[in-house]
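# Notes for the structure review
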Amino acid sequence: MLPQEILALLMLFCVFRASVSVLDEDDDYDLMFVNLDNEIEGPVLGTEETASCDCQREHTEWDKLFIMLENSQMKENMMLQAMDEILKVDLQTLKAELSQLTTNLADTFTTAVEKITSHVMSQVEQALVRSSDQAEEAKRLHESEQGKVLEYVLLLSQNVSSRLSRLESTWLRRSEAEAQETAFQQDKFSPRGDNLILNSLWKELQQTRAELKASQKWAAQHLLPAGCETAILFPMRSKKIFGSVHPTAGMTLHSFTACVWIKVTEALDKTIVFSYGTKLNPYEIQLYLSRESAVLLVAGDQHKLAVKNVVVPGKWIHLCGTWSSENGSASLWVKGELAATALDIADAHTIPDGGILQIGQEKNGCCIGGGFDEALAFSGKLTGFNMWDRVLSAEEIAAQSGEDACSIRGNIIGWGVTEVLPYGGAQYVS
């Protein structure tokens, strides 16, 4: 058993040497040695006091050895734990940095995509706007050229018609003169050659005249009067179809003149051309048609002026109405000529501001739960609607129905300048 004990002591010594090697230089423990009697002795001390106190120490050398081993293991565990915490912190920091980098890259990419998309959309919108402007300009040029061609054709047809009328008169006079000649001419049983030529010419003239009348009728139906470039089309009678007029100036009026060009499809007992009303009185001003008659109404149904047999469906007609509160004088003009006049029409009355002005309809009761009536709706075309805050002279009213009259505009409502908004299917045409 002795060799085995020696081997065990040697192994313990090796472990002890390995443990001592990891101690710091400041350790208070000295190197111990092993003897053959399996006893651990401390270093030889120089004084007797130290030797005498060796037996009274609290820990033996073996205890100190195991304490050092435990401390070494604890330090190793603490170092491993500290390294683990450092690695965790580094990993979390790296993860946060990667997340921030990803977010920054995503934001940068999103911003770049938005900028590119915005630029592309801007380019597309600009291209669409340019295309739309070019199309509108081409349309206006085409309509302008078409109108000029139609006017030229109409003027040319009128000139040709006048020349044909003169030629026809000359032919008739010649025919009458030849009818008085003697019937006993050479070769009296056969028709004369010049008579055959005249008869053929007469037929051609009649055919040409019919064609000219047809072209004049077509041009009159398609051309707008008085040089107006636009009109509002009311395609049918409907309680939803009307036009809203926003006057340029206030409607507080002591007198007025209102003029308009209309071509009605059909006029019933009351077909509204235009109407102005307030909450208190929805019938302050009205110009309406009653079958073949035109009626001007001021301040209510008891104050009105009418002129008969002036409205022809399908043909353009120019109407003007004037009124003054000074003596209640009112007048109606048709095609620039005075057709009717009266006094004591709502004299001393003042047209108040703040109402609603509409064309092609009246709003019954205006703003107090009223609505539109289909039977009162206008159907046809309307253009050249103007209004002044005074009574125009006879010369000024006559000029309203002449050529290029659409260039003359009122100071309350000016056609082509004042805002007129069509609703419910009414639309601008040229």
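Basis of the calculations
Residue positions are counted from 1 within each chain, in the order its sequence is given. For this predicted model, a pLDDT threshold of at least 70 governs which residues receive local features, and a threshold of 80 or more governs which side-chain atom pairs are given and counted, while totals over whole chains, interfaces and linings are taken from all residues. Side-chain calculation: all heavy atoms of the structure are included, whereas hydrogens and water are not. Two cysteine sulfur atoms make up a disulfide if the distance between them is within 2.5 Å. Secondary structure counts use DSSP, requiring at least four H or I residues in a row for a helix and at least two E residues in a row for a strand, with both numbered from the N terminus. Exposure classes here rest on a 1.4 Å probe applied to the protein chains alone. A residue is buried below 20% of its type maximum, exposed above 50%, and partly exposed in between. Nonpolar core, defined: a set of buried Ala, Val, Leu, Ile, Met, Phe, Trp, Tyr and Cys residues in which side-chain atoms within 4.5 Å join the residues together. Contact criterion: two residues are considered in contact whenever any of their non-hydrogen atoms come within 4.5 Å of each other. Any carboxyl oxygen of Asp or Glu within 4 Å of a side-chain nitrogen of Lys or Arg constitutes a salt bridge here. Paired strands are those between which DSSP finds at least two bridges. Where helices are involved, their axes are fitted lines through C-alpha atoms of the stretch in contact, as for all axes, and angles between N-to-C directions lie from 0 to 180°. For this analysis, a polar contact is any N or O atom pair within 3.5 Å, provided that within protein one partner can donate a hydrogen and the other can accept it, and provided that sequence-adjacent residues contribute only side-chain to side-chain pairs. Under the pairing criterion, centres of Phe, Tyr and Trp rings, with the six-membered ring standing for Trp, must be within 6.5 Å; the plane angle then separates stacked pairs below 30 degrees from edge-to-face pairs above 60, leaving the rest tilted. Whether a charge lies above a ring is judged from NZ of Lys or CZ of Arg, which has to be within 6 Å of the ring centre and within 35 degrees of the ring normal.

### What to know about the state of the cysteines
Put plainly, a disulfide is one covalent bond tying together the sulfur atoms of two cysteines. Applying the stated criterion across every chain yields a total of two disulfides. In this model, C228 is linked to C406 through a disulfide, with the two sulfur atoms separated by 1.5 Å. Looking along the S-S bond of the C228-C406 disulfide, the torsion reads about 60°, which is the right-handed sense. Residue C228 is located in the loop between α4 (193-222) and β3 (231-234), and its partner C406 is located in the loop between α5 (394-400) and β15 (419-423); the two are separated by 178 residues in the primary sequence. By relative accessible area, C228 is classed as buried at 8%. Here C406 falls in the buried class, since its relative accessible area comes to 11%. Here C259 pairs with C320 through a disulfide, and the sulfurs are 2.0 Å apart. Residues C259 and C320 are joined by a disulfide whose S-S torsion is about 115°; by sign, that bridge is right-handed. Of this pair, C259 sits in strand β5 (residues 255-264) while C320 sits in strand β10 (residues 317-324), and the two are 61 residues apart along the sequence. Given a relative accessible area of 0%, C259 falls into the buried group. The class for C320 is buried, based on a relative accessible area of 0%.

### Some words on the nonpolar core
I262, F274, L289, V298, I359, L382 and F385 are the most contacted members of the largest nonpolar core, which totals 55 residues. Broken down by element, this core gets its largest block of residues, six residues, from β5. Excluding residues that lie within four positions of it along the chain, F385 makes contacts with V245, C259, V260, F274, I359, I413, G414 and W415. C259, C320, W333 and W388 belong to the second largest nonpolar core, which has six residues in total.

### A few points about the side chain of T418
Here T418 lies in the loop between α5 and β15. For T418, a relative accessible area of 8% puts it in the buried group. Sequence-distant contacts of T418, that is, excluding residues within four places in its chain, are made with V245, H246, P247, T248, I412 and I413.

### Details of the pattern of salt bridges
By the definition in use, this model includes six salt bridges. For the salt bridge of R237 with E266, the shortest nitrogen-to-oxygen distance reads 3.4 Å. Taken together, the residues span a long stretch of sequence, with R237 in the loop between β3 and β4 (242-246) and E266 in the loop between β5 and β6 (271-277) at a distance of 29 residues. In this structure R237 comes out as partly exposed when scored by relative accessible area, which is 25%. Taking relative accessible area as the criterion, E266 reaches 39% and is therefore assigned partly exposed. Note that D269 and R291 form a salt bridge whose closest N and O atoms lie 3.1 Å from each other. With D269 in the loop between β5 and β6 and R291 in the loop between β7 (285-290) and β8 (293-298), this residue pair connects regions lying 22 residues apart in the sequence.

### So, the sheet that holds strand β11 (residues 329-334)
Taken together, the seven strands give an open sheet; going across it, the order is β12-β11-β10-β5-β14-β3-β16, and neighbouring strands pair in antiparallel fashion. In the strand order of this sheet, the two ends are held by β12 (337-342) and β16 (427-429), each with one partner. Shown here is a sheet whose adjacent strand axes are inclined to one another by a mean of 30°, direction ignored. Where β5 and β10 come together, eight bridges link them in antiparallel fashion. Bridge pairing links T257 to T322 in β10.

### Details of the side chain of N386
Here N386 is to be found in strand β14 (residues 380-388). Under the relative-accessibility criterion, N386 is labelled buried at 1%. Engagement of the side chain of N386 in a polar contact is seen with the backbone oxygen of G384, the distance being 3.2 Å. When near neighbours in sequence (up to four residues on either side) are disregarded, N386 contacts T257, A258, C259, Q400, I408, R409, G410, I413, G414 and W415.

### A word on the sheet that holds strand β9 (residues 304-307)
Strand order across the open sheet formed by seven strands is β9-β8-β7-β6-β13-β4-β15, with antiparallel pairing between neighbours. Both outer strands of the open sheet, β9 and β15, are each paired with one neighbouring strand and no more. Across the sheet, the axes of successive neighbouring strands diverge by a mean angle of 20°, strand direction being ignored. Relative to strand β13 (residues 356-359), β4 runs antiparallel, the two sharing three bridges. Across the sheet, V245 pairs through a bridge with L357, a residue of β13.

### Regarding the packing of aromatic side chains
Summed over the entire model, instances satisfying the criterion amount to six aromatic pairs. For the pair F242 and F372, a centre-to-centre distance of 4.8 Å together with 55° between the ring planes defines the contact as tilted. With F242 in strand β4 and F372 in the loop between β13 and β14, this residue pair connects regions lying 130 residues apart in the sequence. Each ring, one from F274 and one from F385, has its centre 5.0 Å from the other, and the planes form 40°; the classification is tilted. A residue pair is termed long-range when its members are at least 10 positions apart, and F274 in strand β6 and F385 in strand β14 qualify at 111 residues. When sorted by exposure, F274 lands in the same class as F385, which is buried. Grouped by ring-pair contacts, the aromatic residues F242, F372 and Y423 constitute a single cluster. The side chain of K270 reaches across the aromatic face of Y288, ending 5.0 Å from its centre.

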